[in-house]
Amino acid sequence: MLYVIQGADLPDSLEHRRAARPAHLARLTALRDAGRLVLAGPYPAIDSPDPGAAGFSGSLIVAEFTSLEEAQAWADADPYCSAGVYASVSVKPFKQVLP
């Protein structure tokens, strides 16, 4: 089943995000390579594809997991959590209708 993982960034977390990004992307790449990643990306803090120093306000991941518990465990182990990027993370089941 698909699950949505949404992380909300702490204020002024851009430097922590930059430092943890390689490890975060490695985990996403592993999901993609396993055919389980639908989409992933950050929310720019301002209306711009490159927010610069404004940074990001959070992230969205849609991926396939065998259960809500597995999705939650995967989200809890994200480097952005341990690096102090996210203030909170929510995980919810998702039913894709389109495309």
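In a beta sheet, neighbouring strands pair by backbone hydrogen bonds and run either parallel or antiparallel. Read from one edge of the open sheet, four strands run β2-β3-β1-β4, paired in antiparallel fashion. The open sheet is flanked by β2 (37-44) and β4 (86-94), the only strands paired with a single partner. Mean inter-strand twist for the sheet, computed between neighbouring axes without regard to direction, equals 10°. Together, β1 (2-9), β2, β3 (56-64) and β4 form the strand contacts of helix α1 (residues 14-33), whose direction differs from that of β3 by roughly 10°.

What follows covers the layout of surface pockets. Taken as a whole, the largest pocket holds about 240 Å³ of empty space. Only α1, β2 and β3 provide two or more residues apiece to the lining of the largest pocket. A total of seven residues in the lining of the largest pocket trace back to one element, the largest contributor, which is α1. Tallied by class, the residues present in the lining of the largest pocket amount to 10 nonpolar, three polar and three charged.

For the rest of this paragraph, the subject is the nonpolar core. Core analysis: the largest hydrophobic core is formed by 11 residues, namely Y3, I5, L28, L31, I61, A63, F65, A71, W74, A75 and V91. Residues in contact with A71, not counting those within four places in the same chain, are Y3, I5, F65 and V91.

For D78, the location among the structural elements is in the loop between α2 (68-76) and α3 (79-82). Engagement of the side chain of D78 in a polar contact is seen with the backbone nitrogen of Y80, the distance being 2.7 Å. Beyond its immediate sequence surroundings of up to four residues, D78 is in contact with H24, R27 and Y86.

Rules used throughout
Residues numbered from 1 in each chain as written. Predicted model: local features only at pLDDT ≥ 70, side-chain atom pairs only at ≥ 80, totals over all residues. Heavy atoms only, no water. Pairing = 2+ DSSP bridges. Helix = DSSP H or I, 4+ residues; strand = E, 2+ residues; numbered from the N terminus. Axes fitted to C-alpha atoms, helices over the stretch in contact; angles between N-to-C directions. Contact = heavy atoms within 4.5 Å. 1 Å grid on protein atoms, 1.4 Å probe; cavity = no way out; pocket = protein on both sides within 12 Å on 5 of 7 lines; lining within 4 Å. Points joined across faces, edges and corners; volume = space filled by probe spheres on them. Nonpolar A, V, L, I, M, F, W, Y, C, P; charged D, E, K, R; others polar. Core = buried A, V, L, I, M, F, W, Y, C linked by side-chain atoms within 4.5 Å. Buried < 20%, exposed > 50% of the residue type's maximum accessible area, 1.4 Å probe, protein only. Polar contact = N/O pair within 3.5 Å; in protein donor to acceptor, adjacent residues only side chain to side chain.

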